[in-house]
Structure formats: structure tokens, C-alpha cells
Amino acid sequence: MTYVSHVRPRWSDMDVYGHVNHANMVTLLEEARIPVLFGDAVKAGLTELPKGVVVVKLGVHYRAPIVVTPETSVRVEITLTEVKAASITLAYVVHTGPEESDPVAVTAETVLAPYDTVKLRPRRLSAEETEFLKKVFADA
């Protein structure tokens, strides 16, 4: 299933052409996944996942510009496409507005790894974290 998040680009996210620039688009993807990977994880009683997740790989494909206005809110659909022992892969579809019918502006994919902030290295997902991720995206 697909987890839906709505994020609001900021005026400062624009480039000289009035479009959300690449670096800020990547930040919007991050903001879209924070509620599930951190907020929902904490609510589920997970303590390690919210401490650290790092991006291992990122791919972004642009289809249309996102133009920032005071009313702009974009719909970000996130799908869990793969769970491995030490990583997860999330696919994103970003619409130019808040509705599913709004044009698709960006498709993206991130490979994320849980990170041990004490040992300063990636770590394996616990069985509880794996179950949580599968459930939260299945229930979305």
C-alpha cells in the first residue's frame, strides 16, 4: 500500500525560475517520510529506528516543475518496495498539488539503512522494526 504525506514547499525552496530546486526536493522527500519513520515508529514503541536512518542511495526523476505559491501543498505517495536485513527501499510519487489527480512532478527512490549513532555505522533492522515497516505501509 501507499503512505500519503502532504508537505508544503517554502519560498526559499525555489530556484531563480520559481521552481523547487533539486536539493530542496530531496528535503521535501525527507520531510514526507519523517512522520512514518520517526513519529509512527515512536508511537509503536520502537526506540532505535528513530535514532538514525541514513540515505544509502537516492534517485530522482523530474517530470514537471513544482512552483511555489502561498497555497502550495504537494502530495507525496510513499511505497515500501523492499525490505532487506539492513536496508529498506522507498519509492515516491510527488504530485504538483495535494490531490491524487494533480500531475506527477517527481518520482524518486531512496535506499535507507538504520544507523547506530553510538557505533557510527549502519546496523541491521530488528525483527520488530521489519514488522512495523511492513505493517505501517500495508495499513496505509
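First things first, this report covers the structure right here in the doc.

### Concerning the overall build of the chain
Looking only at helices and strands, the chain has 2 helices and 6 strands in total. Secondary structure of the chain in N-to-C order comes out as β-α-β-β-β-β-β-α. Here the C-alpha coordinates of the chain stretch approximately 45 × 30 × 25 Å along the principal axes. Here the chain holds 140 residues, and 40% of them are scored as buried. Here the contacts in the chain between residues at least 6 apart in sequence split such that 63% fall between residues at least 24 apart. When the 15 positive and 18 negative side-chain charges of the chain are each reduced to one mean point, those points stand 7 Å apart.

### Overview of the pairing of strand β3 (residues 74–83)
Note that strand β1 (residues 2–7) and β3 share 6 bridges and pair antiparallel. Paired with S5 across the strands is V76, a residue of β3. Sheet analysis places β3 next to strand β4 (residues 88–95), joined by 7 bridges and oriented antiparallel. Of the residues in β4, the one forming a bridge with L80 is L90. Here β3 folds back onto β4, and the loop between the two strands holds 4 residues.

### Comments concerning the nonpolar core
With 31 residues, the main nonpolar core has V76, I78, I88, L90, L133 and F137 as its most contacted residues. Among the elements of the structure, β1, α1 (22–43), β3, β4, β5 (104–116) and α2 (127–138) are those that each provide at least two residues to this core. What I78 contacts, discounting residues up to four positions off in sequence, is M1, T2, Y3, A32, R33, L90, A91, Y92 and F137.

### Comments concerning α1
Its 22 residues give α1 an end-to-end C-alpha distance of 32 Å, which sits within 8% of 32 Å, the value for a rise of 1.5 Å per residue. Of all the bends in α1, the greatest reaches close to 45 degrees and is centred on R33; the proline P35 follows between one and four positions later. Listed in full, the buried residues belonging to α1 are N24, M25, L28, L29, A32, R33, V36, L37 and A41. Packed against the buried residues of α1 are β1, β2 (53–62), β3, β4, β5 and α2. The distance from a side-chain oxygen at the start of α1 to the backbone nitrogen of A23 is 3.3 Å, and the residue carrying that oxygen is N21. Looking at the residues trailing α1, positive phi occurs at G45, about 90 degrees.

### Things to note about the packing of aromatic side chains
When we look at a pair of aromatic rings, we describe it by the centre distance and by the angle of the planes. Using the criterion set out here, one finds 1 aromatic pair in the structure. On the basis of an interplanar angle of 65 degrees and a centroid distance of 6.2 Å, the ring pair of Y3 and F137 is categorised as edge-to-face. One end of the pair, Y3, is in strand β1; the other, F137, is in helix α2, with 134 residues separating them in the sequence. Judged on exposure class, the residue Y3 and its partner F137 are both buried.

### Comments concerning the packing of α1 against α2
Viewed as axis vectors pointing N to C, α1 and α2 meet at an angle of 110 degrees, and their least axial separation amounts to 11 Å. Taken together, the axis directions place α1 and α2 in an arrangement best described as roughly perpendicular. Residue-level inspection shows V36, L37, D40 and A41 of α1 in contact with α2, the latter providing F132, L133, V136 and F137. Of the residues assigned to the contact of α1 with α2, the class counts are 7 nonpolar, no polar and 1 charged.

So, how was this worked out
- Residues numbered from 1 in each chain as written.
- Predicted model: local features only at pLDDT ≥ 70, side-chain atom pairs only at ≥ 80, totals over all residues.
- Heavy atoms only, no water.
- Helix = DSSP H or I, 4+ residues; strand = E, 2+ residues; numbered from the N terminus.
- Buried < 20%, exposed > 50% of the residue type's maximum accessible area, 1.4 Å probe, protein only.
- Contact = heavy atoms within 4.5 Å.
- Lys, Arg positive; Asp, Glu negative; His and termini not counted.
- Charge placed at Lys NZ, Arg CZ, Asp CG, Glu CD.
- Pairing = 2+ DSSP bridges.
- Core = buried A, V, L, I, M, F, W, Y, C linked by side-chain atoms within 4.5 Å.
- Expected span 1.5 Å × (residues − 1).
- Bend = angle between axes of the 7 residues up to and from the residue.
- Polar contact = N/O pair within 3.5 Å; in protein donor to acceptor, adjacent residues only side chain to side chain.
- Phe/Tyr/Trp six-rings, centres within 6.5 Å; stacked < 30°, edge-to-face > 60°.
- Axes fitted to C-alpha atoms, helices over the stretch in contact; angles between N-to-C directions.
- Parallel < 35°, antiparallel > 145°, perpendicular 65-115°, else oblique.
- Nonpolar A, V, L, I, M, F, W, Y, C, P; charged D, E, K, R; others polar.

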